[in-house]
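Take a look at the letters that make up each chain.
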Amino acid sequence: MAFGTGDYRYEVAEGWGQLPDGWSFGWIPAVACDSRDRVFVYSRSEHPLVVFDRDGRFLEEWGAGVLEDAHGIFIDGDDNVFCTERNHHCIYKFNARGELVMTIGTPGVKGARDGDPFNLPTDVGVAANGDLFISDGYGNARVHKYTADGRHLLSWGGWGTGPGQFNLSHAVRVDRHDRVWVCDRSNDRIQIFDTDGNYLSEWAGIRKPDNIHFDPAGEVAYVAGVHQEVSVYSMDGRRLSTWGGGRSSTTPGEFLACPHGICSDSRGDLYVGQVQAPAQLQKFLRQ
């Protein structure tokens, strides 16, 4: 059974991702692929960050004893892995060998005032020069910019519906032109900024966007949304393909819960993790 339309059609790889005996997934808020097409699955479970090869064979576990409340994950061009811990108000950076090399924020301690980093942060995006952009969504309605070594540079946003404001800054990514894209989920839009936080434009009418991911060539954007939907867009905002949407389904390739994490590998295959139900992880093979 094929999913999607046009040039972006997929077949589901049923049963992809085999955990060791006795292990299980909880909710799966985030997935990411590194340069070797290893797939990192960040879940709310006893084993929060596990690594598979592209065929779904378990490789290893990272972050044991450190990671506790998965939300967002991003892997940069050097295969550093950034994990956003929502309820613990911090971001952890692991190098390509799985060693913890930096913590931004104080684990378990939220910002003292509205706008202070962090209060239930959601995601990290990385610019070409290494600067970090952190969406601080549930408690702060902000985006914070940091240097690669963790020094705070600036913040922008605030509660509201106007340009540059957020109701829930839920995910952030930086495209190849160094534009900063923020999923403003509760406002049904994705806002676009320059790297100094200046508002550029927005995609309006995107139903509750949970996450956005750019393909390695920077030609399309994949959007996962609350309403059991995944869509593929051109970079000028034309919807090229979509599937799911509006109903909960246990049919392989459709969505039981809420698509929340999305990424692609070097061959254009997609990986989608869901929240609101346990063990919802699917791989879609590009046709």
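Notes on the structure follow. The structure presented is a predicted model; accordingly, all values stated were derived computationally and were not measured.

Cut-offs applied
Residues numbered from 1 in each chain as written. Predicted model: local features only at pLDDT ≥ 70, side-chain atom pairs only at ≥ 80, totals over all residues. Heavy atoms only, no water. Pairing = 2+ DSSP bridges. Helix = DSSP H or I, 4+ residues; strand = E, 2+ residues; numbered from the N terminus. Axes fitted to C-alpha atoms, helices over the stretch in contact; angles between N-to-C directions. Salt bridge = Lys/Arg side-chain N within 4 Å of Asp/Glu carboxyl O. Buried < 20%, exposed > 50% of the residue type's maximum accessible area, 1.4 Å probe, protein only. Contact = heavy atoms within 4.5 Å. Phe/Tyr/Trp six-rings, centres within 6.5 Å; stacked < 30°, edge-to-face > 60°. Lys NZ or Arg CZ within 6 Å of the ring centre and 35° of its normal. 1 Å grid on protein atoms, 1.4 Å probe; cavity = no way out; pocket = protein on both sides within 12 Å on 5 of 7 lines; lining within 4 Å. Points joined across faces, edges and corners; volume = space filled by probe spheres on them.

## Focus: the sheet that holds strand β21 (residues 229-234)
On the basis of which strands lie adjacent, the open sheet formed by four strands has the order β19-β20-β21-β22 and antiparallel pairing. Edge positions in the open sheet fall to β19 (209-214) and β22 (239-244), since each of these has one partner strand only. For this sheet, the mean inter-axis angle between neighbouring strands, taken without regard to orientation, is 15 degrees. Where β21 and β22 come together, five bridges link them in antiparallel fashion. Paired with Val-232 across the two strands is Ser-241, which belongs to β22.

## Some words on the sheet that holds strand β7 (residues 70-75)
The strands making up a sheet are joined through hydrogen bonds of the backbone, oriented either antiparallel or parallel. Reading across from one edge, β7-β8-β9-β10 is the order of the four strands in this open sheet, with antiparallel pairing throughout. Each end of this open sheet is capped by a strand with a single partner; those strands are β7 and β10 (100-104). Averaged over all pairs of adjacent strands, the angle between their axes in this sheet comes to 20 degrees, without regard to strand direction. With five bridges joining them, strand β8 (residues 81-85) and strand β9 (residues 90-94) adopt antiparallel strand pairing. Paired with Phe-82 across the bridge in β9 is Lys-93.

## Quick look at the pattern of salt bridges
Applying the stated criterion across every chain yields a total of 23 salt bridges. Between Glu-99 and Arg-97 there is a salt bridge, and its shortest N-O distance comes to 3.1 Å. Assessed through its relative accessible area of 63%, Arg-97 is described here as exposed. Salt-bridge contacts for Lys-283 lead to Asp-269; the nearest nitrogen and oxygen are separated by 3.8 Å. Residue Lys-283 is found in strand β25 (residues 281-286), and its partner Asp-269 is found in the loop between β23 (258-264) and β24 (270-275); the two are separated by 14 residues along the sequence. Ionic contacts of the salt-bridge type, sharing partners, join the residues Asp-37, Arg-54, Asp-265, Asp-269 and Lys-283 into one network.

## Some points on the environment of Gly-162
With respect to the secondary-structure elements, Gly-162 resides in the loop between β14 (152-157) and β15 (169-174). Between the alpha carbons of Gly-162 and Asn-187 there is a distance of 9.6 Å; along the sequence they are 25 residues apart. With residues up to four places along the chain from it excluded, the contact list for Gly-162 reads Arg-189 and Gln-191.

## Describing the packing of aromatic side chains
This structure, assessed with the given rule, holds 19 aromatic pairs. One aromatic cluster is present, built from ring pairs that chain together Trp-16, Trp-23, Phe-25, Phe-52, Phe-58 and Tyr-271. Lying across the ring of Tyr-138, Arg-86 places its NZ or CZ 5.7 Å from the centre.

## Thoughts on empty space enclosed by the protein
One pass over the structure, following the stated rule, counts one cavity of 30 Å³ or more. Taken as a whole, the largest cavity spans an internal volume of roughly 30 Å³. Taken together, the elements giving at least two residues each to the lining of the largest cavity come down to β3 (27-33), β7 and β23.

Scope: geometric values only; no functional claims are made or implied.
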